Amino acid sequence: MRVGARGRRVTVKRRKPASPEAPISRIYEVRNAERLQDLCGPHHRHLQILETKLADFGLRAESQGGGILLIGTAEGVSIAEATLAELERRIRSGTEANDMEVEGAIEAALTPGQTFGGLVGLKKPIKPQTRGQAKYLELLANADNGLVFGVGPAGTGKTFLAVAAGVAELTTGLRQRLIVTRPAVEAGEKLGFLPGTLEEKVDPYMLPIWDALRDLMGQEQMERRMARGEIEVAPLAFMRGRTLKNAFVIVDEAQNTTVAQMKMVLTRLGRDSRMVVTGDPGQVDLPGSQPSGLKHALRILEGVDGIKAHYLTAADVVRHGLVSRIIDAYAAAGEG
Ligand SMILES: Nc1ncnc2c1ncn2[C@@H]1O[C@H](COP(=O)(O)OP(=O)(O)OP(=O)(O)O)[C@@H](O)[C@H]1O
């Protein structure tokens, strides 16, 4: 789905010759005079910002009765339409249109993942930050994808975006439960012998998950849903023998599952559930030379109907800029 003028392209006047860079003009139609004024801004300042930011596309924007005339390259006009549609969406949801919002809408329209329709029900909106993330989010946001593998190096948002999709499905009522599990390589089954509640036992290892949940739904909602049993964060061993129904299940750090563990968890998928498996085949911490269940699953499940795998790369790292260079250096040394 393209975030665009949503059927508003009423007038299309193409100039000759129809070379790709030839300027085109289209009218972004706005029937409501007050809305038109909000979009254009005082003394048409918003249109000036649009022209300045999209100068590379030769964009010109003029208010006309009933709409905004956009002239520029085809790409520029499309971005301007997407910007105006995003700005309209913000205004409709009660945001005051000001210079900052215009700039934010332009940024949203310019983001590589413009095709992503968005996850709803989150405390803060999530947007893809790279092309790879955009594709991954598209897969995650489509509830028809029963099993999605998110594979790639550290810091590409594999876990965070999976948690965002899970939170969105939980808070919008599409799924009754959100279950996040990780193989506890170090502690393993020994966790069962530590004192305290389950969360206390697994907290340090599960911290990144709690951080993401807190970020995406807020502490209060997170605790409320946890108390109601709607959110479960537990080591992989706790999944054994269960059928996970009506749940969004995330298997994180899946590179550290054994082949048997991976098969065990994949076959837990119950009715009305979805599963996202995330991991980095370059970071296997399994003792000895045990084969990784993730690598094995990716190999044998490739091409199976209804199963999607998405590969993020160093280009998708959203941590410090140095991280992607570190990953590349390790890969070059043959250790990634
Ligand atoms: N699109 C996004 N919007 C906002 N924050 C993001 C986005 N993508 C990633 N992040 C942030 O980047 C951080 C790293 O993401 P995450 O922990 O999911 O990476 P990962 O690929 O699972 O890495 P690792 O393999 O180390 O667990 C997260 O803490 C999250 O806050």
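All of these numbers come straight from a predicted model, not from anything done at the bench.

*Asks:* Teacher, can you tell me more about the overall build of the protein here?
*Replies:* Each helix and strand in the protein was counted, giving 11 helices and 10 strands. Of all 336 residues assigned to the protein, the portion counted as buried reaches 48%. Taking all contacts inside the protein whose residues are at least 6 apart in sequence as the whole, residues at least 24 apart take part in 70%. Approximately 17200 Å² of the protein is accessible, and the part contributed by carbon and sulfur atoms is 51%.

*Asks:* Would you mind showing me how to read the site of the ligand here?
*Replies:* In the region of the ligand, 15 residues are neighbours, and Lys127, Gly155, Lys158, Thr159 and Phe160 sit closest. Between an oxygen atom of the ligand and a main-chain N or O atom of Gly155, the distance comes to 2.8 Å. Within the backbone of Gly157, a nitrogen or oxygen atom sits 3.2 Å from an oxygen atom of the ligand. Protein contacts shield 77% of the accessible area of the ligand, which totals 630 Å² for the unbound molecule. Per-element accounting of the shell around the ligand gives the leading share, four residues, to helix α6 (residues 158–171).

*Asks:* Looking at this structure, I do not really get the pattern of salt bridges. What am I missing?
*Replies:* As a working rule, side chains carrying opposite charge can pair if their charged atoms are close by. The full count for this structure, using the stated rule, is 15 salt bridges. The closest approach of N and O atoms between Asp252 and Arg182, which form a salt bridge, is 2.8 Å. Of this pair, Asp252 sits in the loop between β8 (247–251) and α9 (259–266) while Arg182 sits in strand β6 (residues 177–182), and the two are 70 residues apart along the sequence. Like Asp252, the residue Arg182 is buried in the burial classification. The partner of Glu220 in a salt bridge is Arg224, with the nearest N and O atoms 4.0 Å apart. One end of the pair, Glu220, and the other, Arg224, are both in helix α8 (residues 219–227), four residues apart, so they sit about a helical turn from each other.

*Asks:* What exactly am I supposed to notice about helix α10 (residues 293–301) here?
*Replies:* Residues three or four positions apart in an α-helix share a direction because the helix packs 3.6 residues into each turn. Of the residues making up α10, those classed as buried are Gly293, Leu294, Ala297, Leu298 and Leu301. The buried residues of α10 occupy an angular sector of 135° when projected down its axis, which confines them to one face. More than 90 degrees from the buried face of α10, the exposed residues found are Arg299 and Ile300. At the N-terminal boundary of α10, the capping side chain belongs to Ser292, with an oxygen 3.1 Å from the backbone nitrogen of Leu294. Immediately downstream of α10, the backbone of Gly303 shows phi near 85°, a positive value.

*Asks:* Would you take a moment to explain the side chain of Thr258 for this structure?
*Replies:* With respect to the secondary-structure elements, Thr258 resides in the loop between β8 and α9. Discounting chain neighbours no more than four positions away, the residues touching Thr258 are Leu286, Gln290, Pro291 and Gly293.

*Asks:* Looking at this model, I keep getting lost on the sheet that holds strand β5 (residues 147–151). Mind explaining?
*Replies:* Working definition: the strands of a sheet are paired by backbone hydrogen bonds and lie parallel or antiparallel to each other. On the basis of which strands lie adjacent, the open sheet formed by six strands has the order β7-β6-β8-β9-β5-β10 and parallel pairing. Looking at which strands have only one partner, the edges of the open sheet turn out to be β7 (231–235) and β10 (307–311). Between one strand and the next, the sheet's axes are offset by a mean angle of 15°, whatever the strand orientation. The pairing of β6 with β7 spans five bridges and is classified as parallel.

*Asks:* Would you mind showing me how to read the pairing of β5 here?
*Replies:* Each regular strand shows side chains that alternate between the opposite faces of the sheet. With five of five residues buried, β5 lies mostly within the body of the structure. Burial of β5 is two-sided: the residues Leu147, Phe149 and Val151 facing one way and the residues Val148 and Gly150 facing the other way are all buried. In the sheet, β5 pairs with strand β9 (residues 274–279) via five bridges, with the strands oriented parallel. Looking at the pairing, Phe149 lines up with Val277 of β9.

*Asks:* Just to check I follow, could you spell out the environment of Gly279 for this structure?
*Replies:* Along the chain, the position of Gly279 falls in strand β9. Note: C-alpha distance between Gly279 and Ala154 (125 residues apart in sequence) is 8.7 Å.

*Asks:* Just to check I follow, could you spell out the packing of α9 against α10 for this structure?
*Replies:* What describes two packed helices is the angle between their axes and the distance between those same axes. Where α9 contacts α10, the axes come no closer than 8 Å and their chain directions differ by 60°. In terms of orientation, α9 lies oblique with respect to α10. Taken as a pair, α9 and α10 cross one another with a handedness that is right-handed. For the pair α9 and α10, the contacting residues are Val259, Met262 and Leu266 in the first and Gly293, Leu294, His296, Ala297 and Leu301 in the second. Its residues placed into classes, the contact of α9 with α10 shows six nonpolar, two polar and no charged.

Scoring rules and cut-offs
Residues numbered from 1 in each chain as written. Predicted model: local features only at pLDDT ≥ 70, side-chain atom pairs only at ≥ 80, totals over all residues. Heavy atoms only, no water. Helix = DSSP H or I, 4+ residues; strand = E, 2+ residues; numbered from the N terminus. Buried < 20%, exposed > 50% of the residue type's maximum accessible area, 1.4 Å probe, protein only. Contact = heavy atoms within 4.5 Å. Areas by Shrake-Rupley, 256 points an atom, 1.4 Å probe, with all protein chains shown as cover. Near = heavy atom within 4 Å. Polar contact = N/O pair within 3.5 Å; in protein donor to acceptor, adjacent residues only side chain to side chain. Salt bridge = Lys/Arg side-chain N within 4 Å of Asp/Glu carboxyl O. Arc of directions from axis to C-beta. Pairing = 2+ DSSP bridges. Axes fitted to C-alpha atoms, helices over the stretch in contact; angles between N-to-C directions. Parallel < 35°, antiparallel > 145°, perpendicular 65-115°, else oblique. Left-handed = near helix turned anticlockwise from the far one by under 90°. Nonpolar A, V, L, I, M, F, W, Y, C, P; charged D, E, K, R; others polar.

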